[in-house]
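Per-entry structural report
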Amino acid sequence: MLIYGKEIREKIKNEIARAAEQQPMTLAVIVVGQEKASQSYVNSIVRFGEEAGVKVDKVELNANITEDSLIACINEYNHNELVDGIMLQTPLPEGINTERVIDAIAFTKDVEGLHNTNLGMLAAKKASVAPATPKAVMRILKEHDIILEGKKVCIIGRSTVVGLPLALMMIHASATVTVCHSKTARLADEIRSADIVVAAMGRINFVTADMIGSEQVIIDVGTNFDSSGKMFGDISPEAKEKAAVASAVPGGVGLITVAELFDNLRILKAQ
């Protein structure tokens, strides 16, 4: 069974719209360069903001900007009391230290939950916001009544954007979590032995049907494009057909991710 994110997205959007009516919110989205996939994602954020009644300031910077100049731009928004949240679209151009730039964002305005302070608070179970994509994964599981407690979870991918924070969130939900990556021995066996598999490594159709059992739940976080611009996930269509439950790409986790970004904005505004 394929599961989708449209209804969940609409539910969150309605919640955001109600909150925005009571307390107007502004999100600054900083984009460096003209990378196609980044522009597409940012445009979806702008559309969501328009639909939910949230002001989105799209800040477009030249790809040749220096790291210090980028941080100076971020600091302007850190000190702008009219801006409630800041998002920095990645990847950044080569030569810019992404971690340093992200940590330049005030953690109280970090809608992506990627500032080291927010990640540390997530580990300590004290975070008010969490990275948007892991939140979207947790939301799609919850909304489809998929229980994590006591389940064995295999997460493929260890990035600080998805894999690691998602592992923390699932551990907090009493799942037993294995985080796999390119150096994992017998990766296929790890996948087969899990109750729930989350693929977030950024490789088209990496998880194949021979790795998946008929009783498994598989969540596809992959957003990959072929030469013609068609989107694919990290899990093959054949694997999804075989599983008990699988999230769609496109139309699954990605749709909810944008909504969760605005949910983080709502939380930060309320603090």
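Here's what I pulled together on the structure shown here. (Residues numbered from 1 in each chain as written. Predicted model: local features only at pLDDT ≥ 70, side-chain atom pairs only at ≥ 80, totals over all residues. Heavy atoms only, no water.)

1. Considerations on helix α3 (residues 67-78)
The terminal C-alpha atoms of α3 lie 16 Å apart, and with 12 residues this matches the ideal 16 Å at 1.5 Å per residue to within 8%. For α3, every residue scored as buried is listed here: Glu67, Leu70, Ile71, Cys73, Ile74, Tyr77 and Asn78. Across the axial projection of α3, the buried residues extend over an arc of 155 degrees, all falling on one side. For α3, the exposed residues lying more than 90 degrees away from the buried face are Asp68 and Glu76. Contacts from the buried residues of α3 go to β2 (26-32), β3 (55-61), β4 (85-88) and α4 (98-102). (Helix = DSSP H or I, 4+ residues; strand = E, 2+ residues; numbered from the N terminus. Expected span 1.5 Å × (residues − 1). Buried < 20%, exposed > 50% of the residue type's maximum accessible area, 1.4 Å probe, protein only. Arc of directions from axis to C-beta. Contact = heavy atoms within 4.5 Å.)

2. Side note on the nonpolar core
Formed by 53 residues in total, the largest nonpolar core has its most connected members in Met170 and Phe262. The element that contributes the greatest number of residues to this core is helix α10 (residues 253-270), accounting for nine residues. Those residues in contact with methionine 170 that sit more than four places away from it in its chain are Val137, Met138, Leu141, Leu148, Val153, Ile155, Ala175, Val177 and Val198. Counting 21 residues, the second largest nonpolar core, distinct from the first, contains Val59, Val83, Ile86 and Val101. (Core = buried A, V, L, I, M, F, W, Y, C linked by side-chain atoms within 4.5 Å.)

3. Remarks on the pattern of salt bridges
As enumerated under the stated definition, the model contains 16 salt bridges in all. Among the salt bridges present, the one from lysine 135 reaches aspartate 263, with a minimum N-O distance of 2.8 Å. Of this pair, lysine 135 sits in helix α6 (residues 132-143) while aspartate 263 is found in helix α10, placing the two residues 128 residues apart along the sequence. Relative accessible area serves as the criterion here: at 13%, lysine 135 is assigned to the buried category. One salt bridge connects glutamate 260 with arginine 139, and the closest N-O pair in it is separated by 2.7 Å. One end of the pair, glutamate 260, is in helix α10; the other, arginine 139, is in helix α6, and 121 residues separate them in sequence. Arginine 139 carries the same exposure label as glutamate 260, and that label is buried. Because the salt bridges share partners, they merge into one network encompassing Lys135, Arg139, Glu260, Asp263 and Arg266. (Salt bridge = Lys/Arg side-chain N within 4 Å of Asp/Glu carboxyl O.)

4. Here's the deal with the side chain of aspartate 220
Mapped onto the elements of the fold, aspartate 220 is located in strand β8 (residues 217-220). For aspartate 220, a relative accessible area of 1% translates into the label buried. From its side chain, aspartate 220 meets the backbone nitrogen of aspartate 234 in a polar contact 2.8 Å long. Here the side chain of aspartate 220 touches isoleucine 235 through a polar contact of 3.1 Å, landing on its backbone nitrogen. Excluding residues within four positions of it along the chain, aspartate 220 makes contact with Ala199, Gly233, Asp234, Ile235, Lys240, Ser247, Val249 and Val253. (Polar contact = N/O pair within 3.5 Å; in protein donor to acceptor, adjacent residues only side chain to side chain.)

5. Some remarks on the side chain of lysine 109
With respect to the helices and strands, lysine 109 occurs in the loop between α4 and α5 (116-123). For the buried lysine 109, which has no salt bridge, the nearest side chain bearing the opposite charge is aspartate 84, at an N-O separation of 6.9 Å. Excluding anything up to four places from it in sequence, lysine 109 contacts Tyr77, Asn78, His79, Asn80, Val83, Asp84, Gly85, Ile86 and Leu268. (Lys, Arg positive; Asp, Glu negative; His and termini not counted.)

6. Some remarks on the packing of α6 against α10
Each pair of packed helices gets described by two things: the angle between the helix axes and the distance between those axes. At a minimum axis distance of 8 Å, the contact between α6 and α10 shows a crossing angle of 110 degrees. The angle between α6 and α10 places the two elements in the roughly perpendicular class. Both α6 and α10 take part in a crossing whose hand is right-handed. Residues Ala132, Thr133, Lys135, Ala136, Val137, Arg139 and Ile140 of α6 touch α10, and the partners they reach there are Val253, Ile256, Thr257, Glu260, Leu261, Asp263, Asn264 and Ile267. (Axes fitted to C-alpha atoms, helices over the stretch in contact; angles between N-to-C directions. Parallel < 35°, antiparallel > 145°, perpendicular 65-115°, else oblique. Left-handed = near helix turned anticlockwise from the far one by under 90°.)

7. Notes on the packing of helix α1 (residues 6-22) against α6
Closest axis-to-axis distance for the α1/α6 pair is 10 Å, and the angle between their directions is 110 degrees. Between α1 and α6, the angle falls in the class roughly perpendicular. On the side of α1, the interface is formed by Ile8, Lys11 and Ile12, while α6 contributes Arg139, Ile140 and Glu143. Considering only residue class, the contact of α1 with α6 consists of three nonpolar, no polar and three charged. (Nonpolar A, V, L, I, M, F, W, Y, C, P; charged D, E, K, R; others polar.)

8. What about α10?
The end-to-end C-alpha distance of α10, which contains 18 residues, comes to 25 Å, matching closely the 26 Å that a straight helix rising 1.5 Å per residue would cover. Within α10, 13 of the 18 residues are buried, leaving the element largely enclosed by the surrounding structure.

9. Points about the sheet that holds β2
A sheet is described by the order of its strands in space; here three strands give the open sequence β3-β2-β4, paired in parallel fashion. Looking along the sheet, the strands with just one partner apiece sit at the ends: β3 and β4. Going from strand to strand, the sheet's axes swing by 20 degrees on average, the running direction of each strand aside. Direction of pairing for β2 relative to β3: parallel, over a ladder of seven bridges. Paired with alanine 28 across the bridge in β3 is aspartate 57. (Pairing = 2+ DSSP bridges.)

What is shown is where atoms sit, not what they do.
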